[in-house]
Amino acid sequence: MLLVTAAMLSAQAPPPPPPARATRVVAGAIRLDGVLDEPAWLTADSITDFTQQEPDEGRPGTERTVVRILTTDEGIYLGFWLYQPPERVVRSQLRRDADLESDDYVVFLFDPARDRRSAYAFAVNANGALSDGEVKGHEADANWDGVWDARARLTPSGWVAEAFVPWQTLRYPRNGERWGLNLFRQMRATNEQVVWRAWQRQFGVFYLPGEGELEGLGPLPARRLFEARPYAAGTGALATREYRADGTDSVLTSAASDLEFGMDAKVAVAGTLTLDLTTNTDFAQVDADQQVVNLSRFPLFFPEKRPFFLESSEVFDFGQIERTQLFHSRRIGLAADGTPIPIDAGARLSGRVGHERIGLLAVRTGGDEDALDVVARVKHDVFTRGFVGGMLTAQGGPGVSGERLAWGADLEFPLLLDQQNIVPAAFVAWSRDSSGAPARSAWRLFLDYPNDRWDGFVAVNRIEKGFDPVLGFVRQDGVWRYTAGVSANPRPHRWGLRTLNFGLEFEVSRDLGGRLDNALYDVSLFGFHTLAGDEFELHLRRFSDVPADTFEIFPGTNVLPGRYDWNRVDASFSSSSSRRVGVELGLSVGDYYTGTNTEVSAGLMVRAAPHVIAAVGGDVQAVRLATGRFTTRVGSLRLDYAANPRLNATAFIQYDNESDRLAANLRLHWIPRPGSDAYLVWNSAWPTGLTRGIPWERPLRGALVGKLVTYFRI
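Quantities reported herein were computed from a predicted structural model and do not represent experimental measurements. The numbering scheme is per chain: residues are counted from 1 as the chain's sequence reads. In keeping with the model being predicted, local features are shown solely for residues with a pLDDT of at least 70 and side-chain atom pairs are shown and tallied solely at 80 or more, while totals for entire chains, interfaces and linings include all residues. No hydrogens and no water enter the side-chain calculation; it runs on all heavy atoms of the structure.

### Quick notes on the side chain of Asp276
- Tracing the sequence through the fold places Asp276 in strand β19 (residues 273-279).
- The cut-offs for exposure are 20% and 50% of the maximum accessible area for each residue type, with area from a 1.4 Å probe on protein chains only; residues under the lower value are buried, those over the upper are exposed, and the others partly exposed. Judged by relative accessible area, Asp276 falls into the buried class, the value being 5%.
- A distance of 2.5 Å separates polar atoms of two side chains, one belonging to Asp276 and the other to Lys266.
- We call two residues in contact when some of their heavy atoms are within 4.5 Å. Ignoring anything within four residues of it in the chain, the contact list for Asp276 reads Ala265, Lys266, Phe308, Glu311, Gly346, Ala347, Arg348 and Ser350. Helix numbers and strand numbers start at the N terminus; a helix is a DSSP run of H or I with at least 4 residues, a strand a run of E with at least 2. By the criterion applied in these results, polar contacts are pairs of N or O atoms within 3.5 Å in which, for protein atoms, one can donate a hydrogen and the other can accept it, and in which residues neighboring in sequence qualify only through two side-chain atoms.

### Re the packing of aromatic side chains
- Ring geometry is summarised as follows: Phe, Tyr and Trp rings, the Trp one being its six-membered ring, pair when their centres sit within 6.5 Å, and such pairs are stacked at plane angles under 30 degrees, edge-to-face over 60 and tilted between the two. Per the counting criterion, the structure on display carries 39 aromatic pairs.
- Taken together, a centroid distance of 5.5 Å and an interplanar angle of 85° make the contact between Trp443 and Trp480 edge-to-face. Here Trp480 lies in strand β32 (residues 479-488) and Trp443 lies in strand β29 (residues 440-450), a separation of 37 residues in the sequence.
- Arranged with centres 4.6 Å apart and planes meeting at 40°, the rings of Trp566 and Tyr593 form a pair that is tilted. One end of the pair, Trp566, is in strand β38 (residues 564-574); the other, Tyr593, is in the loop between β39 (581-592) and β40 (595-608), with 27 residues separating them in the sequence.
- On the accessibility criterion, Trp566 (5% relative accessible area) is buried.
- One cation-aromatic arrangement involves Arg348 over Phe308; the distance from NZ or CZ to the ring centre is 4.7 Å. Think of it as a cone above the ring: NZ of Lys or CZ of Arg counts as a charge over the ring if it is within 6 Å of the ring centre and within 35 degrees of the ring normal.

### Considerations on the sheet that holds strand β4 (residues 65-71)
- If DSSP finds at least two bridges between two strands, the strands pair. Taken in spatial order, the five strands make up an open sheet running β2-β4-β5-β11-β10, and their pairing is mixed. The outermost strands of the open sheet, each flanked by one partner alone, are β2 (23-24) and β10 (149-155).
- Where β2 lies against β4, two bridges are found, and the strand directions are parallel. Within the sheet, the bridge partner assigned to Arg24 lies in β4 and is Thr71.

### Description of the pattern of salt bridges
- The term salt bridge refers to a side-chain nitrogen of Lys or Arg lying within 4 Å of a carboxyl oxygen of Asp or Glu. Evaluated as defined, the whole model comprises 53 salt bridges.
- Glu213 is paired through a salt bridge with Arg114; the nearest N and O atoms lie 2.4 Å apart. Within this pair, whereas Glu213 is found in strand β14 (residues 212-215), its partner Arg114 is found in the loop between β6 (105-111) and β7 (118-125), the two being separated by 99 residues in sequence.
- Notably, a salt bridge pairs Asp410 with Arg377, separated by 2.7 Å at the nearest N-O pair. Of this pair, Asp410 sits in strand β26 (residues 404-412) while Arg377 sits in strand β24 (residues 371-382), and the two are 33 residues apart along the sequence.
- With relative accessibility at 9%, the residue Asp410 sits in the buried group.
- Using a relative accessible area of 2% as the deciding quantity, one classes Arg377 as buried.
- The network of salt bridges with shared partners includes Arg21, Arg114, Arg116, Arg178, Glu211, Glu213 and Glu215.

Listed below in structure tokens is the structure:
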């Protein structure tokens, strides 16, 4: 109660700065070409009051930034005049939704509901590459993809960008003539970042309570009722093979071809509520998972990459990410080994109704699983940024024995005390694996202090034995887990350094009887970030593990039950992403269970602006234990070539010696117009480590997929 009262008192602030204003122009007055020479731009108000967030917080930007906003019956236009010496403009990315942090880029953020809780963020770099996302809780979720477009070009005085967002892309109330707005610019050559509103380091462009306002929008058109993306996909697959150590093989499935049709659609149920539908869902264009070697007794967490599950995914977050999640969408439509399970149909209702943010998901899977998966989620607004919520997940259907349920409640109350962020949070959840079975529980209490000079957190959770949400992810059950950490980040303003980093963090898990199960103590001895963007870290870590059963750590090598304690020293360096040639280096040395482990990792990235990005990386661990000796090897090669922001090709090749597999994922992506896509994808894999070498002419599997997606709306 004291914290809440203090937060409410500290919310008393001086009058807000004046809003920005959009200017209405007739349809056809603007041509989206990145030239910004139409007379209509001269009639618009200019936004020029940008303040540094980095490196000199609170000072005006060193280069002039001008933004103007126009609206038409079709949508909203933004023009950016970005002044600086053109030879200092950094631009390497061209692919849609690439990480633009390596480049000069701008961000514009719309909060159409003006609820200061949710918004849409759009980014464009100096090449005209696009990226977008939904803003929730002080950060952007890049999984959302909107239908919009932009152009950019260099000029003698820097660069300019022109963006257009159709009204249809956004959710807004019909009477909303004022929107929330914020703007951001990064100049990578000097690592300078400027923000229009909420420029303080502990806030930033995604801090919605500090957003500015945009007025002059006038009466807004009703959202169109329906938009759809029907697709056609043709697949030609080679025979699937199984290899023996001597190089001989047998055919598991014969070569085949297939032609499929399906559709994704959106229905505007209300101005701020959308129903997404999918049938015969296809994910052939999705990037392959990263191959890794797991040298622990706990399962690995792999992130979701499928578009249908990524959009609006933030509303379905519940629990501790990558540790104890009530819902993890990869449990739908994917087997435990990553093999796809057919998705016959799915529906998702998401958006806002008054003070409630809701998410409803239902998916019908086919094949051997033959199940119906259902997720229901609600978050009720509390205070300025907080919420109290609940979730229910269920799986049933002909292929499921009994009805499996999981449910829970959570809360989060971000507070602002004397301009410092404090975030209390908690959840409690239960799962039941069949009708009439006992419910197993899990809960967590969490307090975070995420700020610039000091950062810290403390948490405790209890996961009952047998807690296993049918659609969730649980790294370990039957434990008490205690975590805490604190870090100091002083800013010396000398020696070319932006920040120094020191810290301490621990995670200790004990079984429900109080006996130690595993622990990690991490001391950040020294770290720094330079003004140029280079980073270095040096850590001393102590591990404890008390496995109750024998487990295989690597093929042919086991770890026996008992208690093991060991110390390690880790050092890492990564160069600034603004450099044409970037490197990442890592070294970890020390004890490991009954022996030692020396790990060396390295990565090299070459950016040949603005068309080619090549990255090669590898990790080698030499492990010497009392029960065996082995060396793990993981390597990858990625090559991105972009002819322009709407046509790019990617080659991703991976290898690891735990699975003894070399895999290739080749993809050509063309965007003929915003919302429509064409893909050509080749996936293949070969066995390695055979006595006869790699059978290049007879891969384990191989498939060529052509997919065409067309976008229309009515």
